[in-house]
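# An overview of the molecular structure
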Amino acid sequence: MDAQSNEFGTARVKRGLAEMLRGGVIMDVVNAGQAKIAEDAGAVAVMALERVPADIRRDGGVARMSDPALIEEIQATVTIPVMAKARIGHFGEAQILQALQVDYIDESEVLTPADEAFHIDKWSFDIPFVCGATNLGEALRRISEGACMIRSKGEAGTGNVVEAVRHLRSITSEIKKIILADPAELFGIAKNLQAPYELVSEIHRTHHLPVPLFCAGGLATPADAALVMQLGAEAVFVGSGIFKSGDPAKRARAIVEATTHYMDPTILLKVSRNLGEPMVGINADEVDVKMAERGW
Amino acid sequence: MGLIIGVLALQGDFQEHALTLSQIGVASREVRNPKDLIGIDGLILPGGESTTMSMLLESSGLFPEIASALKDGLFVFGTCAGMILLAREVLDGRSDQGGFALMDISVRRNGFGRQIRSFEADLLVKGIEGPPIRAVFIRAPVVEKVAKEIEILAEVSYSFDDDSKRVVPVVCGQDRLLACSFHPELTSDTRLHQLFISKILSEK
């Protein structure tokens, strides 16, 4: 066949990588050593960043895209996909990450937002984007801007799964409502969700979100991973939960096993034993900055 | 037709394979534990991360069971990561990356490059009638070498990052094994799955 027919950066190619990550664990790493531990433990991808969310919380100040040199070092260390974060609305950072050839860009509320009105026009990039969402309306607005994967936001850096559960349940219950709705009701639902009618109609027809739905923000144990997988997440992001714990390698491995065997309590029991100290964590109502409220 | 096809369901896009099989009227079963292999007529190794799957194959106890079923002549169809698991030799993989090493091909992991170099292409596949197949390649492996026992069913032309333009095999068959470096399960085209099923039926 002629190479002329090869097409790059199509929606199918961009969403396709998210499909391949399903049933897997994406781990936050801050250096090459951690990236190696994550890959050894069976991570399907790593998120390369300078500070995990727990440290961003502790340090305060403006959180920005990581130094490209750090990301390059991690790209050189692992064979699995490498993701990196850009600030909400900061297409300048996203352009740099695309030039760096990261495999996925996370337009993330964990970093300080750069634009208070607009998210990045993600259709204009050949690299796929993942965005956070707390409810279905937000998820569909991100998809209409070109996001190829949605992650429920949770509350990053807390080690508390309660917000992740809230956001995931919110998204899946709104999807169920759309599936059961009369076609005439879809217009009103779209208006209330502040989301495009076409995407609402697509959910009604296909019974699922147009892109994979992953879960993030506060997961710290194998049981947390099994919980959100049973609630409808298709894969999990673990940020501070691994490398802020006593035995990261063992915990990472256990969360990978739990994400695959989330319906098998015997295996969940086995992998939950003797994991050492979990990250300490903070309660959601003790949090000063609610990262999940960033994004619109 | 009464066939049951196992789909390795440790990680990756195994649900898409099950959906494609149901579209052609074939029953499937998710395989997570050795007992799930009992009574299957064929096995699909899906797309996903091959390093993750290798590790989970070991810890679930599936690895030796599938390896011995393969020796006993199980029909297997591997897509992308599944092709890597079948390949005799894996280049640019992890040194501890275990595979079944049964198909006489040598593959380079992520050989087309990073995600930005992922692509779609039209392919003519030997044994498949009608219009070309639209193939979706995601961080796909490149088949660098094939033994003479391998039947090359399709090839793609690609301009690699080192500016070399090469034609490489993308669908390979060998006895009861079928492997492709792209993802037929991501499109609505069911013809490659049908090819795998007819291969099983022809020997039943």
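Above this text is the structure in question.
In this report, we go over the structure that sits alongside the text.

For the rest of this paragraph, the subject is the state of the cysteines. Counting across every chain of the model gives 0 disulfides over all chains. As a non-bridged cysteine, Cys-148 of chain A has Cys-131 of chain A as the owner of its nearest cysteine sulfur, 9.3 Å distant. Cys-80 of chain B carries a free sulfur, and the closest cysteine sulfur to it, the one in Cys-180 of chain B, is 8.5 Å from it.

Per the stated rule, a full pass over the model turns up 15 aromatic pairs over all chains. Judged by centre distance (5.5 Å) and plane angle (40°), the ring pair of Phe-77 of chain B and Phe-196 of chain B falls under tilted. With Phe-77 of chain B in strand β4 (residues 75-79) and Phe-196 of chain B in helix α5 (residues 191-202), this residue pair connects regions lying 119 residues apart in the sequence. Relative accessible area serves as the criterion here: at 0%, Phe-77 of chain B is assigned to the buried category. With centroids separated by 4.4 Å and ring planes inclined at 5°, the aromatic side chains of Phe-119 of chain B and Phe-137 of chain B adopt a geometry described as stacked. Of this pair, Phe-119 of chain B sits in strand β7 (residues 119-123) while Phe-137 of chain B is found in strand β8 (residues 133-137), placing the two residues 18 residues apart along the sequence. Chaining the aromatic ring pairs together yields one cluster made of Phe-8 of chain A together with Phe-112, Phe-119, Phe-137, Tyr-158, Phe-160 and Phe-182 of chain B.

So, on to the interface of chain B and chain A. In many analyses, interface size is given as the accessible surface area lost on bringing the parts together. Taken together, the contacts link 45 residues of chain B with 46 residues of chain A. Counting each side, the surface lost to burial between chain B and chain A is near 3800 Å², with a carbon and sulfur contribution of 52%. By the criterion of area lost to chain A, the three top residues of chain B are Arg-114, Gln-115 and Ile-116 of chain B, representing 18% of everything that side buries. Run the count over chain B and chain A and you get 4 salt bridges. Between Arg-22 of chain A and Glu-16 of chain B there is a salt bridge whose closest N-O contact spans 2.9 Å. Run the count over chain B and chain A and you get 21 residue pairs in polar contact (both at pLDDT 80 or more). For the side of chain B that touches chain A, the elements supplying multiple residues, two or more each, are α1 (14-23), α2 (50-59), β7, β8 and β10 (151-159) of chain B. Considering only residue class, the side of chain B that touches chain A consists of 14 nonpolar, 16 polar and 15 charged. Across 2 bridges, strand β1 (residues 7-8) of chain A lies against β7 of chain B in antiparallel orientation. Considered in β7 of chain B, the bridge of Phe-8 of chain A is made with Phe-119 of chain B.

What follows deals with the sheet that holds β8 of chain B. Strand order in the open sheet formed by 3 strands is β1(A)-β7(B)-β8(B), with antiparallel pairing between adjacent strands. Both outer strands of the open sheet, β1 of chain A together with β8 of chain B, are each paired with one neighbouring strand and no more.

A complete count under the given rule lists 36 salt bridges over all chains for this structure. For Lys-85 of chain A, the salt bridge goes to Asp-106 of chain A, with nearest N and O atoms at 2.9 Å. Note that Lys-85 of chain A is positioned in strand β4 (residues 82-87) and Asp-106 of chain A in strand β5 (residues 104-108), a separation of 21 residues in sequence. Assessed through its relative accessible area of 0%, Asp-106 of chain A is described here as buried. Of the charged contacts, one joins Lys-122 of chain A and Glu-145 of chain A as a salt bridge, the two residues approaching to 2.8 Å between their closest N and O atoms. Here Lys-122 of chain A, found in the loop between β5 and β6 (129-133), pairs with Glu-145 of chain A, found in the loop between α6 (136-144) and β7 (149-152); they are 23 residues apart in sequence, far enough to count as distant. A single burial state applies to Lys-122 of chain A and to Glu-145 of chain A, both of which are buried. Through salt bridges with shared partners, a single ionic network connects Glu-7 and Arg-12 of chain A together with Glu-120, Asp-122 and Arg-134 of chain B.

Definitions and limits used
Residues numbered from 1 in each chain as written. Chains lettered and ligands numbered in written order. Predicted model: local features only at pLDDT ≥ 70, side-chain atom pairs only at ≥ 80, totals over all residues. Heavy atoms only, no water. Disulfide = S-S within 2.5 Å. Phe/Tyr/Trp six-rings, centres within 6.5 Å; stacked < 30°, edge-to-face > 60°. Helix = DSSP H or I, 4+ residues; strand = E, 2+ residues; numbered from the N terminus. Buried < 20%, exposed > 50% of the residue type's maximum accessible area, 1.4 Å probe, protein only. Contact = heavy atoms within 4.5 Å. Buried area = accessible area lost by both parts, 1.4 Å probe. Salt bridge = Lys/Arg side-chain N within 4 Å of Asp/Glu carboxyl O. Polar contact = N/O pair within 3.5 Å; in protein donor to acceptor, adjacent residues only side chain to side chain. Nonpolar A, V, L, I, M, F, W, Y, C, P; charged D, E, K, R; others polar. Pairing = 2+ DSSP bridges.

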